[in-house]
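Observations on the model geometry
So you can see what is in the structure, the chains are spelled out below.
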Amino acid sequence: MPANRSYGMDQDFYPWSPIVTRPVLRWPDNARVAVAVIVNLEHWDWDVPAGTPLAVSPLGGPEGMGPATSRNSPISGGYGNHEYGNRVGIFRILAVLDKYGIKPTLALDKAVADHYPFLVEAGQKRGAEFIAHGLTRRRIIHIGMSEDEERQ
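Residues numbered from 1 in each chain as written. Predicted model: local features only at pLDDT ≥ 70, side-chain atom pairs only at ≥ 80, totals over all residues. Heavy atoms only, no water.

**Quick look at the sheet that holds strand 1 (residues 38–41)**
Cut-off, in case you're wondering: DSSP bridges decide pairing: two strands pair if at least two such bridges lie between them. A run of DSSP states H or I qualifies as a helix once it reaches four residues; a run of E qualifies as a strand once it reaches two. Both are numbered from the N-terminal end. Axis lines are fitted through C-alpha atoms, for helices just across the contact stretch, and the angle between N-to-C directions can take any value from 0 to 180 degrees.
Reading across from one edge, 1-2-3 is the order of the three strands in this open sheet, with parallel pairing throughout. Edge strands, defined here as strands with exactly one partner in the open sheet, are strand 1 and strand 3 (129–132). For this sheet, the mean inter-axis angle between neighbouring strands, taken without regard to orientation, is 25 degrees. Judged from the four bridges that link them, strand 2 (residues 105–108) and strand 3 form a sheet pairing that is parallel.

Below you can see the structure in the form of structure tokens.
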């Protein structure tokens, strides 16, 4: 969808108005702060198809890759951390959220949903909201995709 370069938003999926014309936002019970807890549940590919855009790490180079490595040489320690997170770490985080009655939003990719059904069940049990996060951490939904690619 080409961008509509005009005043306001570049899409018509929802209405837009300048913040200065909106009524004052009031949180329930007149709370001064609202917090959204979003937990990423991700699977990291060892390899990705050629031409796939990769996120860049703060250290430079593609995320999950060493500074002097090729695109096909991931840092295995980083992958181990992600696996630990999906098997152990997430349940520690969920325990803290349960303790304080916080329902998380879970951003997960297709590979997590396919290979870790117990994570989907844990989220459903807590009434979590789910956000689609792409196919895997290294194959995310991005602006360069066609509508058909994104739907697939």
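**Regarding the confidence of the model for the chain**
The condition is simple: Note on scores: pLDDT gives the predictor's confidence for each residue, bounded by 0 and 100.
Taken over all residues, the pLDDT of the chain has a mean of 79, while the share at 70 or more is 74%. Within the chain, the lowest mean pLDDT, 80, falls on helix 4 (residues 147–151), and the highest, 95, falls on helix 3 (residues 117–125).

**Considerations on the packing of aromatic side chains**
Worth spelling out the cut-off: In this scheme Phe, Tyr and Trp rings, the latter by its six-membered ring, pair at centre separations within 6.5 Å, and the angle between planes marks the pair as stacked below 30 degrees, edge-to-face above 60, and tilted otherwise. Buried means the residue's accessible area, taken with a 1.4 Å probe over protein chains only, is under 20% of the maximum for its type, while exposed means over 50%, and partly exposed covers the values in between.
One pass over the full model with this rule turns up two aromatic pairs. For the ring pair Tyr-116 and Phe-118, a centre distance of 5.9 Å and an interplane angle of 80 degrees mean the geometry is edge-to-face. Classification of Tyr-116 by relative accessible area gives buried; the value is 8%. We classify Phe-118 as partly exposed; its relative accessible area is 36%. What links up through ring pairs into an aromatic cluster is the set Phe-91, Tyr-116 and Phe-118.

**Some points on the environment of Asn-86**
Inclusion rule: In this description, contact between two residues means that some pair of their heavy atoms is separated by no more than 4.5 Å. Under the rule applied, a polar contact is a pair of N or O atoms within 3.5 Å (in protein, one hydrogen donor and one hydrogen acceptor; residues adjacent in sequence only if both atoms are side-chain atoms).
Residue position: Asn-86 is located in helix 1 (residues 76–99). Judged by its relative accessible area of 3%, Asn-86 is buried. Asn-86 has contacts with Leu-41, Glu-42, Phe-91, Val-112, Tyr-116, Phe-118 and Leu-119, leaving out every residue within four places of it along the chain. A polar contact is formed between the side chain of Asn-86 and the backbone oxygen of Glu-42, at a distance of 2.9 Å.

**So, the pattern of salt bridges**
Oppositely charged side chains are able to pair whenever their charged atoms sit close together. Filter applied, for reference: Take a side-chain nitrogen of Lys or Arg and a carboxyl oxygen of Asp or Glu: if they are within 4 Å of each other, that pair is a salt bridge.
For the coordinates displayed, the defined rule picks out two salt bridges. Residue Asp-98 is joined to Arg-126 by a salt bridge in which the shortest nitrogen-to-oxygen separation is 2.9 Å. Here Asp-98 is found in helix 1, whereas its partner Arg-126 is found in the loop between helix 3 and strand 3, with 28 residues between them in sequence. The exposure class of Arg-126 is buried, given its relative accessible area of 19%. Measuring nitrogen to oxygen at the nearest pair gives 2.6 Å for the salt bridge that ties Lys-110 to Asp-114. Taken together, the residues span about one helical turn, with Lys-110 and Asp-114 both in helix 2 (residues 110–115) at a distance of four residues. The class for Asp-114 is partly exposed, based on a relative accessible area of 46%.

**Observations concerning unusual backbone geometry**
Even without glycine at this site, Asp-29 takes up a positive phi of about 55 degrees. In this fold, Asp-29 is placed in the segment before strand 1. At Asn-30, a residue that is not glycine, the phi angle is positive and equals roughly 55 degrees. The topology assignment puts Asn-30 in the segment before strand 1.

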